[in-house]
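Topology and contacts: notes
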Amino acid sequence: MVRPMYRSRTFRRVFKKTSGRVSLHYIKRKPAKAKCAECGSVLQGVPRAFPYKIKLMSKTKKRPERMYGGYLCGKCTKKSIINKHIKE
Amino acid sequence: MIDVGRVCVKTAGRDAGRKCVVVEIVDKQYVVIDGETRRRKCNITHLLPLKDTVNISESANHEEVEKLLNELGIDTLKTNPKKKTERPRSKRKTPEQLKEQKEEKKKLRGILKSKKEDKSPKTTIEDKAIAEIKETDKGKDVNEDKNTPQKEKKKPAKSKESSAKRKKKE
């Protein structure tokens, strides 16, 4: 019998060949991709990893080194800067 | 719109959101900018021109740009470049220095030899004493007991020599 906690699909199922037989492994799912706060597109240059691995990374590997880097996408930052200066 | 002396805002890249002045026109597509940003080549599509203009000659220095922008109330980038330091390099010793080295070594050798010579007569006296004891026909156990403490006495004498060497080197 399977453990009750593994009946739901919260865990990813992986078939692995080990010593002549196929066995089932249950693996934790990765966290979701980082998305732009305005348009919702996937952000580039932001790693998709568990927080304990992101902790080990350097600051420059976690987000693009730009204004609003890791929060807005490149197009949305451009829009926000233009809107700000046209009003002036 | 974009000419030499036009104040712009950069909208892309690391310097996004910072103000700058067009210093030089390279191409249809590219210009050289300076000011709050780093002095660098830049695509025109990454610039947003503003109302203000500055009287600047082509390919002006960073100091000239700094003066004019500060009048408009725009800060400029200030860098603190590292001063160049000389690399530590091992130099060859001059022949005079080599001679001094040799003389020092010779002195040390002389001290060591004299100490070794001093040792040898000491041992001979002790050996003679042991030989005399043997002649008196005392038990073997007594001789063995006397031999062992002699070896122990020699060891601290060596350590004193090494300490004397270190002091002279210093």
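Analysis parameters
Residues numbered from 1 in each chain as written. Chains lettered and ligands numbered in written order. Predicted model: local features only at pLDDT ≥ 70, side-chain atom pairs only at ≥ 80, totals over all residues. Heavy atoms only, no water. pLDDT = per-residue confidence, 0-100. Helix = DSSP H or I, 4+ residues; strand = E, 2+ residues; numbered from the N terminus. Buried < 20%, exposed > 50% of the residue type's maximum accessible area, 1.4 Å probe, protein only. Polar contact = N/O pair within 3.5 Å; in protein donor to acceptor, adjacent residues only side chain to side chain. Contact = heavy atoms within 4.5 Å. Pairing = 2+ DSSP bridges. Axes fitted to C-alpha atoms, helices over the stretch in contact; angles between N-to-C directions. Patch = residues over 30% accessible without salt bridge, like charges linked within 9 Å, V, L, I, M, F, W, Y side chains within 5 Å. Areas by Shrake-Rupley, 256 points an atom, 1.4 Å probe, with all protein chains shown as cover. Salt bridge = Lys/Arg side-chain N within 4 Å of Asp/Glu carboxyl O. Lys, Arg positive; Asp, Glu negative; His and termini not counted. Charge placed at Lys NZ, Arg CZ, Asp CG, Glu CD. Core = buried A, V, L, I, M, F, W, Y, C linked by side-chain atoms within 4.5 Å. Phe/Tyr/Trp six-rings, centres within 6.5 Å; stacked < 30°, edge-to-face > 60°. Lys NZ or Arg CZ within 6 Å of the ring centre and 35° of its normal.

Residue and element names in this part refer to chain B. Per-residue pLDDT for chain B averages 81, and the proportion of residues at 70 or more is 76%. For chain B, helix α3 (residues 140-169) is the element with the lowest average pLDDT, namely 58, and strand β4 (residues 40-43) is the one with the highest, namely 94. For this predicted complex, the interface confidence score (ipTM) comes to 0.75, while the overall pTM stands at 0.58.

This part takes up the side chain of Ser23(A). Residues and elements named next belong to chain A. Along the chain, Ser23 falls in strand β2 (residues 21-28). Here Ser23 falls in the buried class, since its relative accessible area comes to 13%. One polar contact links Ser23 to Thr18, side chain to side chain, over a distance of 3.5 Å. Ignoring any residue separated from it by four or fewer positions in sequence, one finds Ser23 in contact with Val14, Phe15, Lys16 and Thr18.

It is worth spelling out the sheet that holds β4(B) at this point. All names here are of chain B. Reading across the sheet, the five strands line up as β4-β3-β2-β1-β5 and stay open at both edges, with antiparallel pairing between neighbours. Of all the strands in the sheet, just β4 and β5 (47-53) have a single pairing partner and so form its edges. Across the sheet, the axes of successive neighbouring strands diverge by a mean angle of 50°, strand direction being ignored. The pairing of strand β1 (residues 6-10) with β5 spans four bridges and is antiparallel.

There is a patch of like positive charges on the surface, built from Arg9(A), Arg12(A), Arg29(A), Lys30(A), Lys33(A), Lys35(A), Arg48(A) and Lys53(A). Inspection of the secondary structure assignment puts Arg48(A) in the loop between β2 and α1 (51-54).

The next subject is the nonpolar core. Residue and element names in this part refer to chain B. Ranked by size, the top nonpolar core spans 14 residues in total, and within it Val7, Val9, Val21, Ile56, Val65 and Leu69 carry the most contacts. Listing elements by their share of this core, those giving two or more residues are β1, β2 (19-25), β5 and α1 (62-72). Val7 has contacts with Cys20, Val21, Pro49, Leu50, Asp52, Val54, Leu72 and Ile74, leaving out every residue within four places of it along the chain. In terms of nonpolar packing, the next biggest core, distinct from the first, is built from eight residues, Cys8, Val22, Val31 and Ile33 among them.

One pair of aromatic rings is described through two measures. These are the centre distance and the angle between the planes. Applying the stated criterion to the full structure yields three aromatic pairs over all chains. Measuring from ring centre to ring centre gives 6.0 Å for Phe50(A) and Tyr52(A), while their planes differ by 15°; the resulting arrangement is stacked. Through pairs of rings, three or more aromatic residues link up here, namely Tyr6(A), Phe11(A) and Tyr26(A). The ring of Tyr30(B) carries Lys41(B) above its face, with NZ or CZ at 4.7 Å from the centroid.

Right, let's talk about the pairing of strand β1 (residues 11-18) of chain A for a bit. As defined by bridge partners, β1(A) adjoins β2(A) across eight bridges and the pair is classed as antiparallel. By the bridge assignment for β2(A), Val14(A) is matched with His25(A).

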